[in-house]
Amino acid sequence: MSGAGDVGADAARVLARCDEVAALSSRPDGIERVHLTPEHAAVNRLVAGWMAEAGLRTWQDAAGNLCGRLEGPVPGAPALLLGSHLDTVPDAGRYDGVLGVLLAVAAVQRLRETGAALPFALEVVAFTDEEGTRFGTALLGSRALAGTWDPAWWSLTDADGTTLREAASAFGLDPGAVGDAARSPGELVGYLEAHIEQGPLLEDADRALGVVTSIAGARRFSCTVTGEARHAGGTPYDRRRDALCAAAEVVLLVERTARARGVIATVGRLEVSPGAVNVVPGRVELSVDLRAEHDAHRDAVWEELRAGAERLCAARGCGFAAHEHHSADGVACAPALRDAVRRGIAATGDTDPPELFSKAGHDAMALATLTDVAMLFVRCAGGISHAPEESVRADDVAAALDALTAAVLAVAADRATHPAPVR
Ligand code: HGY
Ligand code: MN
Ligand code: MN
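Scope of this entry: the structure provided in the associated data block. Keep in mind it's a predicted model, so treat the numbers as computed, not measured.

Thresholds, definitions, all that
Residues numbered from 1 in each chain as written. Chains lettered and ligands numbered in written order. Predicted model: local features only at pLDDT ≥ 70, side-chain atom pairs only at ≥ 80, totals over all residues. Heavy atoms only, no water. Near = heavy atom within 4 Å. Polar contact = N/O pair within 3.5 Å; in protein donor to acceptor, adjacent residues only side chain to side chain. Areas by Shrake-Rupley, 256 points an atom, 1.4 Å probe, with all protein chains shown as cover. Nonpolar A, V, L, I, M, F, W, Y, C, P; charged D, E, K, R; others polar. Helix = DSSP H or I, 4+ residues; strand = E, 2+ residues; numbered from the N terminus. Contact = heavy atoms within 4.5 Å. Donors = N, O, S within 2.8 Å, 3.2 Å for Na, K, Ca; no water. Buried < 20%, exposed > 50% of the residue type's maximum accessible area, 1.4 Å probe, protein only.

Description of the site of ligand 1
Moving on, step 1. E130, E131, Q198, R220, R291, A360, G361 and H386 make up every residue found near ligand 1.
Moving on, step 2. The contact in question runs from an oxygen atom of ligand 1 to an N or O atom on the backbone of G361, over 2.6 Å.
Moving on, step 3. In the environment of ligand 1, an oxygen atom lies 3.0 Å from a nitrogen or oxygen atom belonging to the side chain of H386.
Moving on, step 4. Here ligand 1 has 210 Å² of accessible area as a free molecule, and 94% of this is covered by the chains.
Moving on, step 5. In terms of residue class, the shell around ligand 1 is built from one nonpolar, three polar and four charged.

Okay, structure coming up:
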């Protein structure tokens, strides 16, 4: 971009900042940064400093999201939002979410330095709690901003029994004011999110960047298999109701069914009680994460899975129960914004960028109830994510920064010729 500094140097700074953010962790042996913790406060402070350096006015909203705004030519004009999240899964990598936030900050800084005249304001939103690691329900920050906060969430508890309400108050937020975080459609032009792909398709295709077409809908369940805890020596097999053997069959049923029906399902957590070597397991808690491109198909497969799990458990004298703690419908990216992302990538030299369907969830899903959304994917090594091995190439990050900046200019060009109707 003419007038802006060297994009390679700016990308190197984005990567150095990702390393700085990675140091803000609650565990000494890896990265974990979750909602309403000292690390959440610290990362908001750190990134707010970088936003201010980029020329943004910053604030933390009523849900704990960090926001920064650069006014357009008319103060108070609708804003194009750019962003992603700063929270993590346990033992995370350093780019999931964070890269998108820091690319957004760098893109705004470059646009400001070039004096680009945009017909809208720019805002960067660094969402909290996209992952749902602490309270089990994901997208809390972006749903608050979208105005789809569910008051029942205040009673969610973390592993220590602390409620979301208690944690928010201790963090300094007023639970009664969470509605203040909500935006209205008329305040917004749309939402653009850059994110690592979290899958191998770009790498396999030898491409740095891709345009996201849609985002998979996800449902998450906490399931309980109930049997009977009995002596491991004295209890004959025909009298056992072994909850772990039943759960093992359920785990394999989940994989088998997902493969056969073309959805993606994972059992990522298993907790065995009482968890003693000499006791037949009496109870198992297991998680199911279920995703598909089409919600109706996903829901039909869940009914099939639930019925199958009940049958398998009953055959072993065990009970099966499932509690849903997260649900997000699939989302299609808006054609005009998606085309702006395509043109943004084209400006980097790839005139026919690949289009991908996102199997991972993103804040854009929550924002889609409020405004048009689109996403730019960045290649990550081996497609690896949600693991410490997450890695990106510096030249890809430079390309992503150029593409995101050019995508904002493409939205501006569209807006100048076809002012968008207010939703
Ligand atoms: O789990 C997801 O899809 C996202 O990375 N939170
Ligand atoms: Mn993630
Ligand atoms: Mn993410």
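Things to note about the environment of R379
Moving on, step 1. Its place among the elements puts R379 in the loop between strand 16 (373-378) and helix 11 (394-417).
Moving on, step 2. Sequence separation between R379 and G199 is 180 residues; the distance between their C-alpha atoms is 8.2 Å.
Moving on, step 3. When near neighbours in sequence (up to four residues on either side) are disregarded, R379 contacts L202, E203, D206, R207, A208, V392, R393 and D396.
Moving on, step 4. From its side chain, R379 meets the backbone oxygen of R207 in a polar contact 3.5 Å long.

Notes on the coordination of the manganese ion (ligand 3)
Six octahedral donors around a metal ideally subtend angles of 90 or 180 degrees, whereas four tetrahedral donors ideally subtend 109.5 degrees.
Moving on, step 1. Bound to the manganese ion (ligand 3) on the protein side are H85 (NE2), D96 (OD) and H195 (NE2), at distances that span 2.0 to 2.2 Å.
Moving on, step 2. Each donor residue of the manganese ion (ligand 3) belongs to the same chain, with the gaps between them written as H-x10-D-x98-H.
Moving on, step 3. A separation of 3.5 Å is found between the manganese ion (ligand 3) and the manganese ion (ligand 2), which share D96 as a coordinating residue. Of this pair, D96 sits in the loop between strand 3 (79-85) and helix 3 (98-114) while H195 sits in strand 5 (residues 188-196), placing them 99 residues apart in sequence.
Moving on, step 4. Note on D96: relative accessible area 7%, which makes it buried.
Moving on, step 5. Using a relative accessible area of 1% as the deciding quantity, one classes H195 as buried.

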